[in-house]
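Structural features, examined
The residues making up each chain are set out below.
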Amino acid sequence: MTHRFKNRLAQLFAFSLLTNFLSLKILPTFRQILTKTLDFLRMDSLFFSADGGDDDSMFGSSSTVRSIQSLSDLDDERLYLVDHRWWNETRESLFREIDGALYATSSCFSDDFESEIILDMRRSEIDSDGCKGEEQGVSGRELALVSEWMFYRALKWHYDMKNVGNFVAVEDSKADLFPLQISLSISGTTNSLVVKINQKGNGIGAFDKSCQIFNVNSGLVKIWDFSGQITKFFLQGRILSDKSELMNAEIFLELQVYGLSYDIMQNENDMSVEDTNTEDISSSSSLKLNGHSEKVNSYLRVDHPLITSNLSQTYNLGLTGLYNLGNTCFMNSAIQCLGHTSHLVDYFLGDFRKDLNFENPLGVNGKLALAFGDLLRQLWTPGATAVAPRAFKSRLAGFAPQFSGYNQHDSQEFLAFLLDGLHEDLNRVKIKPYNEIKDVDGISDKEVADEHWRNHLARNDSIIVDMCQGQYRSTLICPLCKKHSVTFDPFIYLSLPLPSTSMRTMTLTVLSTDGTTLPIPVTVNVPKYGKFKDLIQALSIACSLRDDETLLVAEIYNNCIIRFLELDTRNDSLELVRDRDCFVAYRLLKEEDSLPLVVFTHWRYEMSYLEGLPVLRKFGIPFVARVPESTNGSDIHNKFLKLLHPLVMPEEFSLDYPENTPDQQDTTEMDVDEKPVDDNDNDDDSKSEGFRFYLQQQGHYSEGPTIIMDEQLLIPESRIISVRVTWPDEMLKRYDTSILSNLPETGGIALITKTPPESVSLYKCLEAFLKEEPLGPEDMWYCPKCKEHRQASKKLDLWRLPEIVIIHLKRFSYNRFLKDKLETFVDFPIDDFDVSSYTVEKDKDNQSCFRYKLYAVSNHYGGMGGGHYTAFAKCGEEWYEFNDSQVYPISEDQIKTSAAYVLFYKRV
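Note on numbering: residues in each chain are counted from 1, in written sequence order. Only residues with pLDDT of at least 70 are given local features in this predicted model, and only at 80 or more are side-chain atom pairs given and counted; all residues enter the totals for whole chains, interfaces and linings. Derived side-chain values reflect all non-hydrogen atoms in the structure, with water molecules and hydrogen atoms excluded from consideration.

**Observations concerning the overall build of the chain**
Along the backbone of the chain there are 21 helices and 37 strands. Buried positions account for 47% of the 908 residues belonging to the chain. A sequence separation of at least 24 residues applies to 73% of the contacts in the chain between residues at least 6 apart. Carbon and sulfur atoms provide 50% of the accessible area of the chain, an area that totals close to 45,400 Å². The secondary structure listing takes helices from DSSP runs of H or I that are at least 4 residues long and strands from runs of E that are at least 2 residues long, numbered from the N terminus. Burial status follows relative accessibility: with a 1.4 Å probe on protein chains alone, a residue under 20% of its type maximum counts as buried, one over 50% as exposed, and anything between as partly exposed. Residues count as neighbours in contact if any of their non-hydrogen atoms are within 4.5 Å of one another. Note on areas: these come from Shrake-Rupley sampling with a 1.4 Å probe, and a residue is covered only by the protein chains present in the view.

Here is the structure:
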């Protein structure tokens, strides 16, 4: 066995021994010593190649040194440089156990001092007590180096303190966040760290800001290292001080600088800037660098602009949108709701990496949690613009492949998979114990529930369990022997059914047949299992139908009337009407019921993109009117113009209409005033108004014979005259045809409605979820007493409620024949959702108090075939709407809509 192999075995054995030993319950002090030793061993292995072999060294040595390229080799979290006063305000609340190492930092410059800053960092030997004592009198020249999670937790703490109104901001009103590229090396002569900031690698803006931050005229800059990374690198340099080949090795780091803005004109310098000219400022002074005394220029540049980022802007945290990557609005909506769950945000902005589970086969080796944590930090970064969540979506697809494409999905389904994936990636239980199911006969429900909950926590322990998981009791009762079977199961959200309402909301368009009013959509509530006559009766009341009027209801498809609701069909069930069907109602006089009915269908020329030629197409809502038994083409023409009268555009909106020639003046006046056409005008192709009228047989789309003005029309046996009207371009400009094209679906809601849609309370939904109901024939339960399968009854009860309650409203219904979405308006509480009376578990005083407050809503607009998701979320004390990349403030009274789909409540 070679010496090199022996040394490698010794190294692996040492690592294994220390790692296993640290897992034991040993003394804290000894454990810390071993931890630091193990860190040194790991860092030492970064510097040496695997080929090293030395008989005198356990780790070996080699002339071949593998250079550390980045500080991320030591820790993959970014480092942040912040103002020490800003950081110190959060330490008492968040980081009391974290001590910092103090470094005295002096700045000097190379020969090319215009483009490079060199900092010399030396460790100050101050113990913990002295460190804390120094921090009491912090100055503006003291900085703090913190890990990424420390920075975001501190940032969120300042934001929360500002919102509760008990935070006094520091006097420094400047804040900024920018990256700074630096290099670190170990000085073998002075036993210090050398930091270089190069203009070439940073650009002028970041370099100028660093010049202001590290201005040496105010004295030494003190840097407190709370991240431990610089300290680790500094100590590594001491250990390897005998390896001279490592002293000049550099590592590179992108440092994030936040909130550091100093007025270089302050009078904290020993000399007055006003009394010193530029040449004096740039005079040489002696500084010691790397053990040598050199002439270097003190750096004070008065020609650079100050950093003037307003601190108030940094408190607009959490108001960052998410780009829609293609049908990803469902994902954006759910993420924004989770992104404003304070418990979850605090956790992922903190040191969540310590909980990553790389051994759980049910997770994705922590990748999903890392991607989600990175996404949340982007959303809570000061001054951030909209974020494209591509990396997160890619990680999610590794856990749930159904989300890999760009199809539309359900936001609640996505939420369930995401929470489950985060739980598995963050499960603190590495080895899940086996829990045997015990016989619970004769044991109280409380003991059984506690036992089930302990067994659950023994296998599942994560922030998701701590925050979102509750427990409910499920009771099955045999209908014959009355045998009770009680089980306790965890839940992460409550899927509440919408109680089947006895009413249904329908919207129809009502048109007059005398040319007096515009078409208007009307929404009414009708019995869900009612008849068409119930719909007509409700419409008559809603549109204030006169005693001498009646309604003729027709179904419209493809801009044509496909059927009328005659007397023999008025007893048909309203269940036959789908939400996407379109119906209209025409107001007719009762005394004219026996007269023939004329139906005008509108046609116009539109450019065909396939053929490149204009083609005739139908548009708008057909007109309907009664005409005399003896009627001619002129009567048809005048009746149509009368129905068009409400659609006449004002003159200022008809500027594109060609000016009239003297020969056309009389004709144009007749067009606008809708005067009858002179019977003596023999115009065979009916061009007096520009409209063309053709007879059309029902069920046929081709043009029939042209209607002649003075020619008598034959009344068909159906008593319905179908007329095809071709619109010229001039008439399309004169009349507002857009009104005819706005035909709402029956399941839609009109903008103006006299009867609000029926609503149901959230408490009613909860009661429907908890009520006892029989199992279906396909879910028969095997009764252990009867020894047969029985159609038992099932009863659910809330036993244990979490801090965060997620409520899913089951709006989408499915059966063998159709899929449908329920647009029922759910009246949910915002400030006081009290579920104490619905919870079985009591405290020691036999009381239960479970009150919750709404903080986010996931909304779905549209139907089953397609739709759009948005989110409402409370940020601070204000509500905002998150519509993909757009964020808007909204008022609290806009929160409750019939689009509410997933509700997020936090316990008060």
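Picking up after the structure, the text goes on.
**Examining the packing of aromatic side chains**
Ring pairs are drawn from Phe, Tyr and Trp, using the six-membered ring of Trp, whenever the two centres fall within 6.5 Å, and their geometry is named by plane angle: stacked under 30 degrees, edge-to-face over 60, tilted for the rest. Summed over the entire model, instances satisfying the criterion amount to 38 aromatic pairs. Arranged with centres 5.7 Å apart and planes meeting at 85°, the rings of Phe330 and Phe414 form a pair that is edge-to-face. One end of the pair, Phe330, is in helix H9 (residues 329-338); the other, Phe414, is in helix H13 (residues 411-425), and 84 residues separate them in sequence. No difference in accessibility class separates Phe330 from Phe414, as the two residues are buried. Ring centres of Tyr869 and Tyr901 lie 6.4 Å apart, and the angle between their planes is 45°; on these two criteria the pair is classed as tilted. You can see Tyr869 sitting in strand S34 (residues 867-875) and its partner Tyr901 sitting in strand S37 (residues 900-907), a full 32 residues away along the chain. Owing to a relative accessible area of 3%, Tyr869 belongs among the buried residues under this scheme. Under the relative-accessibility criterion, Tyr901 is labelled buried at 2%. We call a charge positioned over a ring when the NZ of a Lys or the CZ of an Arg lies within 6 Å of the ring centre and within 35 degrees of the ring normal. The ring of Trp380 carries the charged tip of Lys156 above its face, separated from the ring centre by 5.3 Å. Across the ring face of Tyr406, the terminal group of Lys393 is positioned such that the distance to the ring centre comes to 4.3 Å.

**Re helix H14 (residues 445-459)**
In this analysis, the expected span of each helix is defined as 1.5 Å times one less than the number of residues it contains. Over its 15 residues, H14 runs 21 Å from end to end, which matches the ideal 21 Å to within 8%, given 1.5 Å per residue. All of the buried residues in H14 are Val448, Ala449, Trp453 and His456. When H14 is viewed along its axis, its buried side chains cluster within an angular range of 130° and face the same direction. An arc is given here, and it is the one of the directions from the helix axis to the C-beta atoms.

**Notes on the packing of H9 against H13**
Inter-axis angles, ranging from 0 to 180 degrees, are taken between N-to-C directions of lines fitted to C-alpha atoms, where helices are fitted over the stretch in contact. At a minimum axis distance of 9 Å, the contact between H9 and H13 shows a crossing angle of 55°. On the basis of the axis angle, H9 is oblique to H13. H13 is crossed by H9, and the crossing has right-handed handedness. Contacts between H9 and H13 pair Phe330, Met331, Ala334, Ile335 and Leu338 from the former with Ser411, Phe414, Leu415, Leu418 and Leu419 from the latter. Oblique is the label for any angle not under 35 degrees, not over 145, and not in the 65 to 115 range, which are roughly parallel, roughly antiparallel and roughly perpendicular in turn. In this scheme, a crossing is called left-handed if the near helix is turned counterclockwise away from the far one by less than a right angle; it is called right-handed if the turn is clockwise.

**Points about the sheet that holds strand S17 (residues 560-564)**
One bridge is not enough; two strands pair if DSSP finds at least two bridges between them. Read across the open sheet, the five strands follow the order S15-S14-S18-S16-S17; overall the sheet is mixed. Of all the strands in the sheet, just strand S15 (520-527) and S17 have a single pairing partner and so form its edges. Going from strand to strand, the sheet's axes swing by 40° on average, the running direction of each strand aside.

**Looking at the environment of Glu575**
Mapped onto the elements, Glu575 comes out in the loop between S17 and strand S18 (582-589). Exposure remark for Glu575: the relative accessible area of 52% places this residue in the exposed category. Apart from residues no more than four positions distant in its own chain, Glu575 is found in contact with Arg504, Lys528 and Tyr529.

**Quick look at the pattern of salt bridges**
Any Lys or Arg side-chain nitrogen found within 4 Å of a carboxyl oxygen on Asp or Glu counts as a salt bridge. Following the criterion strictly, the structure yields 27 salt bridges and no others. A salt bridge links Asp548 to Arg546, with the shortest nitrogen-to-oxygen separation between them at 3.1 Å. One network of salt bridges, in which partners are shared, links Asp355, Arg428, Asp461 and Asp466.

**Some remarks on helix H16 (residues 532-542)**
If you check which residues of H16 are buried, you get Phe532, Leu535, Ile536, Ala538, Leu539, Ser540 and Ala542. Tucked into the core, H16 has its buried residues touching strand S14 (503-512), S15, strand S16 (549-557), S17 and S18. Once H16 finishes, Ser544 follows within two positions and takes phi at roughly 55°, a positive value.

**Points about the nonpolar core**
The biggest cluster of nonpolar side chains holds 75 residues, and the ones touching the most others in it are Trp87, Phe348, Phe392 and Phe414. Discounting residues that sit within four places of it in the chain, Phe348 has contacts with Ala369, Phe372, Gly373, Leu376, Arg377, Leu422 and Leu426. Nonpolar cores are built from buried Ala, Val, Leu, Ile, Met, Phe, Trp, Tyr and Cys residues. Side-chain atoms within 4.5 Å join them into one set. Core analysis: the next-biggest nonpolar cluster, separate from the first, contains 38 residues, Phe640, Phe693, Val725 and Trp727 among them.

**So, unusual backbone geometry**
Keep in mind that most residues, glycine aside, have a negative phi and that most peptide bonds are trans. Its identity is not glycine, yet Asn365 carries a phi of approximately 60°, on the positive side. Among the structural elements, Asn365 can be located in the loop between helix H10 (342-349) and helix H11 (367-379). For Asn365, a relative accessible area of 40% gives the class partly exposed. You will see that Lys787, though not glycine, has its phi angle at about 60°, which is positive. Residue placement: Lys787 occurs in the loop between strand S25 (781-783) and strand S26 (788-790). The exposed category is assigned to Lys787, whose relative accessible area is 55%.

**Quick word on the sheet that holds strand S27 (residues 793-800)**
Working definition: the strands of a sheet are paired by backbone hydrogen bonds and lie parallel or antiparallel to each other. The strand order across the open sheet formed by four strands is S12-S11-S27-S24, and the pairing between neighbours is antiparallel. If you trace the sheet from one side to the other, it starts and ends with strand S12 (484-491) and strand S24 (773-774), each paired once. Alignment of strand S11 (residues 470-477) against S12, held across eight bridges, turns out to be antiparallel. Bridged to Arg473 within S12 is Phe488. Against the sheet, H14 engages S11, S12 and S27, with an angle of about 40° to S12.

**A short note on the environment of Asp99**
The topology assignment puts Asp99 in the loop between helix H3 (84-94) and strand S2 (101-108). Given a relative accessible area of 38%, Asp99 falls into the partly exposed group. Considering only alpha carbons, one finds Asp99 and Gly228, 129 residues apart in sequence, at a separation of 9.2 Å.

**Brief notes about the confidence of the model for the chain**
You can read pLDDT as the predictor saying how much it trusts each residue, on a scale of 0 to 100. Averaged over all residues, the pLDDT of the chain equals 74, while 70% of them reach at least 70. Element-level pLDDT for the chain is lowest in strand S9 (residues 284-289), with a mean of 29, against a maximum mean of 96 in S37. Within the model, pLDDT remains below 50 along residues 262-315, and this stretch shows 106 contacts once partners closer than five positions in the same chain are excluded.

**Comments concerning the environment of Ile477**
Examined against the element boundaries, Ile477 turns out to sit in strand S11. Here the alpha-carbon distance between Ile477 and Ala792, two residues 315 residues apart in the chain, equals 5.4 Å. In this structure, Ile477 is in contact with Lys482, Lys483, His484, Glu772, Trp781, Ala792 and Ser793, ignoring residues within four places of it in sequence.

**Observations concerning the packing of H11 against helix H12 (residues 390-399)**
One way to put it is that H11 packs onto H12 with a least axis distance of 9 Å and a crossing angle of 155°. In this view, H11 runs roughly antiparallel relative to H12, as classed from their interaxial angle. Both H11 and H12 take part in a crossing whose hand is left-handed. Of the residues in H12, those in contact with Lys367, Leu368, Ala371, Phe372 and Leu375 of H11 are Ala391, Phe392, Arg395, Leu396 and Phe399. In the scheme used here, Gly and all other residues not listed as nonpolar or charged are polar, with Ala, Val, Leu, Ile, Met, Phe, Trp, Tyr, Cys and Pro taken as nonpolar and Asp, Glu, Lys and Arg as charged. Looking at side-chain class alone, the contact of H11 with H12 contains eight nonpolar, no polar and two charged residues.

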